[in-house]
Amino acid sequence: MATLHSSGKLLSEDTGSYEVTMQLVDLEARLKNLRASEAAYLSLMKRAVSVSDIVAVQAELSIVQGDIESFDAQRAALADQVAMANVSVTLSEPASPISDASSNFDLGRELSNALANLINVGRAVIVAVINIVVVAIPIAVLGGLFGSLLARGAAPLIAWFKKMVGGSRKGARRAARR
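What counts, and at which threshold
Residues numbered from 1 in each chain as written. Predicted model: local features only at pLDDT ≥ 70, side-chain atom pairs only at ≥ 80, totals over all residues. Heavy atoms only, no water. Helix = DSSP H or I, 4+ residues; strand = E, 2+ residues; numbered from the N terminus. Buried < 20%, exposed > 50% of the residue type's maximum accessible area, 1.4 Å probe, protein only. Contact = heavy atoms within 4.5 Å. Areas by Shrake-Rupley, 256 points an atom, 1.4 Å probe, with all protein chains shown as cover. Salt bridge = Lys/Arg side-chain N within 4 Å of Asp/Glu carboxyl O. Expected span 1.5 Å × (residues − 1). Core = buried A, V, L, I, M, F, W, Y, C linked by side-chain atoms within 4.5 Å. pLDDT = per-residue confidence, 0-100.

Before going further, it helps to examine the overall build of the chain. What the chain contains, in helices and strands, is five helices and zero strands. Traced from its N-terminal end to its C-terminal end, the chain shows the element sequence α-α-α-α-α. Going through the 178 residues of the chain one by one, you find that 7% of them count as buried. At a minimum sequence separation of 6, the contacts of the chain that also span at least 24 residues come to 67%. As presented, the chain carries roughly 15100 Å² of accessible surface, and 63% of it is formed by carbon and sulfur atoms.

Listed below in structure tokens is the structure:
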């Protein structure tokens, strides 16, 4: 690691470990107990007289010997892990600003995006024209008709009102002249 540190600028470092010593100690203790059990069963086997006793002791001895083989294989694998270490190193050169700016540029994709934007603008214009034709023109026509009807209906009232207001002023002027 010291040699790698001196070869360039260190950007990041990650060091990890996995402790297997306790597992190794545990397996060795279990193996010691299983070997003691194996010795006891072998002693019983020597003293067994009947076939049923021999078969029963042999069955238990077989289980214990299978466990011994399994734990012994696990112990050997852990012992190898204790002696082994993995080192993974990733080296890279810093990128230049020019390569960073141009690294994601794709002319085809940019042209495709521009064409998509043009289509979206055209679609928005078409939708606006449709809304004007469907909504604004009928409202303007109905407003003009309604205003015309109001003007025709209100014209006689306005004329009568003007006559009343205008007539009273003329009468007031005549009375003032006399």
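Enumeration according to the criterion identifies three salt bridges in this entry. For R30, the salt bridge goes to D26, with nearest N and O atoms at 3.4 Å. Here the residue R30 and the residue D26 both occupy positions in helix α2 (residues 21-47), the gap between them amounting to four residues, near one helical turn. Relative accessible area serves as the criterion here: at 41%, R30 is assigned to the partly exposed category. You can call D26 partly exposed: its relative accessible area is 37%. Residues R109 and E110 are paired through a salt bridge, measuring 3.5 Å at the closest nitrogen-oxygen approach. For R109, a relative accessible area of 40% translates into the label partly exposed.

What follows deals with α2. Over its 27 residues, α2 extends 40 Å from the first C-alpha to the last, a length consistent with the 39 Å expected when each residue adds 1.5 Å. When α2 is considered as a whole, its buried residues turn out to be L24, L27, L31 and L34.

This part covers the nonpolar core. Across soluble globular proteins, nonpolar side chains show a tendency to be buried alongside one another. In terms of nonpolar packing, the biggest core is built from nine residues, these being V20, L24, L27, L31, L34, V64, I68, F71 and L78. Apart from residues lying up to four places away in sequence, L78 is in contact with V20, Q23, L24 and L27.

The pLDDT averaged across the chain works out to 81; a share of 83% of its residues lies at or above 70. By mean pLDDT, helix α4 (residues 97-102) is the weakest element of the chain at 70, and α2 is the strongest at 88.

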